[in-house]
Every structure is written in C-alpha cells, then in structure tokens.
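Secondary and tertiary structure notes
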Amino acid sequence: MSQPTPPLAKRLDGMRSSAIRDLLKLTARADIISLAGGLPDAELMPRDRIAVAADAALADRSRLQYTESPGWGPLREVLAARESTRMGRTVAVDEVFVTHGSQQALSLLAEVLLDPGALVVVEDPAYVGALQVFHAAGARIVAVPLDSEGMRLDALRELLAAGERPAVVHTVSNFHNPGGVTMSPQRRAELGALADAYGFWVIEDDPYGELWFDQPSPAPVATYSPNVIRLSSTSKILAPTLRAGWMVAPTRVCRAVELLKQGADLCGSAFTQQIAADLLADTDWLTAHVDSIRTVYGARARALVDAVRTRFGDRVVSTDAAGGMFVWVDFTDGTDTQALLPRALEAGVAYVPGNAFAVSTDYTHSMRLCFTTSDTTALETAVDRLAKAHAES
Ligand SMILES: Cc1ncc(COP(=O)(O)O)c(C=O)c1O
C-alpha cells in the first residue's frame, strides 16, 4: 500500500509563485539589459557608511542580543522624530513599530486586521507582494483601477454605495509600484474622509515617497485620518539588506502586531536596527545621500521616458516617472506585451508584462519598466532593442 502523503494547509491552494521572480531567472543572462527587476542600485548603497555604523554597533555586545519586539528603542525614537516631521504632528514612540522590511508589516497587519473572507480593496495594477499577503490571509480581494491621480475613488465610492464594506483598503500612495503614479492631495483627503465615515483601515504603503525627482511628495494619506496605518522602509534609500521597515499605527494596533511578531520571529535584529538608526540620525549625511540617489534616478527616469516617447511616439502612453523606480507603459496599437516578451529577450531587453500585476483588468497591452539599475546609455540601448523587437512583431 502506498503511504499517504501529509497534506499542506488549504490556504496554499491557488497561491502561485510571483511571475516576476520566475521571469528574473530568465533575465540573469549577461547580454540582456533588464528593465524587469525592481531592485534599487547596489552601487548607490552606502557601503562605507554602513561599515562605520556596523563597527560602532559591534563595539557594544548588547547589539548581539535579542531586542524588544517593537524594535530597538533608539531606532523607534529616530523614526518617531522623522515621522513627526512628515505627518505634521507629534508621533509618539509607541505608535512606531519596526518590522523586517515593510513587507513584514503587511504580513503582520493582514493577520491583525483581517478575518478569513474579509474584504480588502487593492489598486489595479497591484503591488504583487501585497496581493500574496492578502491571498494568504484568505481575504476577498476587490480591485479599484488607478488613473494619473492614483486610486480611482469614484470606483471605491461605487463599491461602498453597493453595500461593500472593506476591512482594509491598500494603497501605494507615492510613485506606485507598478503603476508609477502618485495619489493627488485631494484624493488623499477624500480617502481619509471615507475611512472615517465607513470605519475601514487604510494601509498606506510608502517605500518610495522620499525618492521624488522634482518636487516632494504630498502629505501622507495618514495625515487625513487616524484609520490610516502608514508603512515605510529603509530599503530604497539605504539598503534592503538592513530589513528595516516600520509602521506608524494606533497603539492598539501596535500592541496586537507585537503579539504576532513575537510568534513570527521574537524580534528583529538589534544589529541592523542600530545601523539604520545611526544612518537615519546623521541628517546632513542622509540628506546628501538621498539627494544623490534622486539625482541619479531622476536622470535615468527622464532618459528612459524620453527614449520610449521618441521611439514609439503615439503608439504608447507612458507615465512621467516623477519619482520612485518604475515607469508604466500602455501600448495603444494593440501590442500584446506577453507575446512580445520572447522577441524582446532575443533582442536583449527584459521587462515585466502588465498581466503580472493584474487583479481584474488583464493589462495585456501594458508593461512595467524599472529604470534604477541601468545607466542612461544602457536605458537608451534597451529601448532601441525593444523598438526592434516591436517592429518585428
Ligand atoms: C509597494 C511596496 N511595498 C513594500 C515593499 C517591500 O519592501 P521592504 O520589505 O524591502 O521594505 C515593496 C518592495 O519592493 C514595494 O514595492
């Protein structure tokens, strides 16, 4: 008799590996210019400054010890001060909770805020890491489209008017991944008002807000309602390896997250959290460092968008890339970006087809381009190659 195979939990049914991660394996070839990855440029990560901070951290043996679940105290203090400036009010240390990247904040919040079957409203196209978390939590996911001003609140209002009652609305408010757009100040105020009126949580997922190119990003959605939980991270301004993300949330949410964090990993790393605190507190250095990232990414973004518009003209509509790491391009000539991909790879360029981020709309004619890890010359070559593959299709 064959032996029974022990089953995996039902919640894994229907979960799939991220199409993007699978694609990245293909694009590791040296001859391919990849606009597919979503990584910050390692050349711009402050390795030497991190080494100085690491040395300082190791001078104190207590940094090798477990730390408190909500995060190493001095890091929470630095974050509370920075968030107070950003939010225009005093943010108490008790409202700041440090997580293993902002991805862990999403995962812990899903457990704290969602019962199985709860409704979560996401943006379409969506940040895939959030979709994975909400699927795993057994949520019912409904998507609201984006336009140039961010989440379409008329569509959210329609859902509410039809009797839908979300537990959570998730938004990437600044320089959307993958959509490239930023929510307008009017919509931020309106979303805050809706959260108050209907009593739902908003998760404002903001890892890109500091990477603006021309003008600072608007005041956070969290300034408009106490129901907004704001997430951010050092991954895009310092280095992802620190895994230092955080949330600003009401203390009762932080206390609930603490219970779950203890079960998940006891606590984060006092070592990397001290490094993050050291760099974030060094304000003159940090300002110059973030400015240099903005300058480099800004030039790359402009080079990419200019090349796309010059090469494709009115056959595409592209976002402007006012910040962040991504440009979203829609083909207006019926090009199927999934079908184009093998030819693009042959021509030596990779991108992520829009359908990898799709929730309700299929985004057959769209693609996400990442401009952070190639210089301007490589970006222009990449667009030439894309145009060649497109012309042959
Ligand atoms: C919108 C968004 N949220 C969260 C994350 C997770 O970032 P981290 O866990 O490195 O802070 C990412 C990463 O790319 C992202 O794009």
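About the thresholds
- Residues numbered from 1 in each chain as written.
- Predicted model: local features only at pLDDT ≥ 70, side-chain atom pairs only at ≥ 80, totals over all residues.
- Heavy atoms only, no water.
- Salt bridge = Lys/Arg side-chain N within 4 Å of Asp/Glu carboxyl O.
- Helix = DSSP H or I, 4+ residues; strand = E, 2+ residues; numbered from the N terminus.
- Buried < 20%, exposed > 50% of the residue type's maximum accessible area, 1.4 Å probe, protein only.
- Phe/Tyr/Trp six-rings, centres within 6.5 Å; stacked < 30°, edge-to-face > 60°.
- Lys NZ or Arg CZ within 6 Å of the ring centre and 35° of its normal.
- Near = heavy atom within 4 Å.
- Polar contact = N/O pair within 3.5 Å; in protein donor to acceptor, adjacent residues only side chain to side chain.
- Nonpolar A, V, L, I, M, F, W, Y, C, P; charged D, E, K, R; others polar.
- Core = buried A, V, L, I, M, F, W, Y, C linked by side-chain atoms within 4.5 Å.
- Contact = heavy atoms within 4.5 Å.
- Pairing = 2+ DSSP bridges.
- Axes fitted to C-alpha atoms, helices over the stretch in contact; angles between N-to-C directions.
- Expected span 1.5 Å × (residues − 1).
- Arc of directions from axis to C-beta.
- Parallel < 35°, antiparallel > 145°, perpendicular 65-115°, else oblique.
- Left-handed = near helix turned anticlockwise from the far one by under 90°.

A look at the pattern of salt bridges
Applying the stated criterion across every chain, the model contains 21 salt bridges. The salt bridge partner of E190 is R157, with a shortest N-O separation of 2.8 Å. Taken together, the residues span a long stretch of sequence, with E190 in helix α7 (residues 185-198) and R157 in helix α6 (residues 153-161) at a distance of 33 residues. On the basis of relative accessibility, which here comes to 42%, the residue R157 falls in the partly exposed class.

With respect to the packing of aromatic side chains
Within this structure, the stated rule accounts for five aromatic pairs. For the ring pair F312 and F331, a centre distance of 5.6 Å and an interplane angle of 90° mean the geometry is edge-to-face. Pair noted here: F312 is in helix α10 (residues 283-312) and F331 is in strand β11 (residues 326-331), with a separation of 19 residues, a long-range link. Assessed through its relative accessible area of 5%, F331 is described here as buried. Judged by centre distance (6.0 Å) and plane angle (70°), the rings of W328 and F357 are edge-to-face. Taken together, the residues span a long stretch of sequence, with W328 in strand β11 and F357 in the loop between β13 (352-353) and β14 (366-370) at a distance of 29 residues. Across this residue pair, the class does not change: W328 and F357 are buried. By the ring-pair criterion, three or more aromatic residues cluster together here, those being W328, F357 and Y363. Above the face of the W285 ring, R49 is positioned so that its terminal group lies 5.5 Å from the ring centre. When the ring centre of W212 is taken as reference, the NZ or CZ atom of R294 above it lies at 3.9 Å.

Topic: the site of the ligand
Inspection of the region around the ligand gives 13 residues, with S102, N177, Y208, S233 and S235 positioned closest. A distance of 2.6 Å separates an oxygen atom of the ligand from a polar atom in the side chain of S235. Take the shell around the ligand: its biggest share by element is three residues, from helix α4 (residues 101-113). Taken together, the residues of the shell around the ligand sort by class into four nonpolar, six polar and three charged.

Focus: the nonpolar core
Membership of the largest hydrophobic core comes to 96 residues, with the highest contact counts inside it found for L156, L191, F200, L304, L369 and F371. The element best represented in this core is α10, accounting for 10 residues. Aside from chain neighbours lying at most four places away, what touches L369 is L35, L304, V308, M325, F326, V327, V329 and Y351.

Here's the deal with the sheet that holds β13
In any sheet, the strands associate via hydrogen bonds between backbone groups, in a parallel or an antiparallel arrangement. Spatially, β10-β11-β14-β13 is the arrangement adopted by the four strands of the open sheet, whose pairing is antiparallel. Single-partner strands in this sheet number two, and they are β10 (316-318) and β13. In this sheet, β11 lies alongside β10 in antiparallel orientation, the contact comprising three bridges. Counted as the bridge partner of S318 is V329 from β11. Where α10 meets the sheet, its contacts fall on β10, β11 and β14, and the angle it forms with β10 comes to roughly 165°.

A word on α7
For α7, spanning 14 residues, the distance from its first C-alpha to its last is 20 Å, which sits close to the expected 20 Å at 1.5 Å a residue. Listing the buried residues of α7 in full gives R187, R188, L191, G192, L194 and A195. What you see down the axis of α7 is that its buried residues fit within an arc of 160°, all on one side. In this structure, α7 carries Q186 and A197 as exposed residues pointing more than 90 degrees from its buried face. Those residues of α7 hidden inside the fold are in contact with β4 (140-147), β5 (150-151), α6, β6 (168-171) and β7 (201-205).

Description of the environment of L64
Tracing the backbone through its elements, the reader meets L64 in the loop between α2 (47-58) and α3 (73-87). Residues L64 and V122 lie 58 residues apart in sequence; the distance between their C-alpha atoms is 39 Å.

Observations concerning the packing of α10 against helix α12 (residues 376-391)
Their axes nearest at 9 Å, the elements α10 and α12 cross at an angle of 25°. By the angle class used here, α10 and α12 are roughly parallel. For the crossing formed where α10 meets α12, the hand is right-handed. When α10 is examined against α12, the residues A299, R300, A303, L304, A307, V308, R311 and F312 are found in contact with a partner set consisting of T376, L379, E380, V383, D384, L386, A387 and H390. Broken down by class, the residue content of the contact of α10 with α12 amounts to 10 nonpolar, two polar and four charged.

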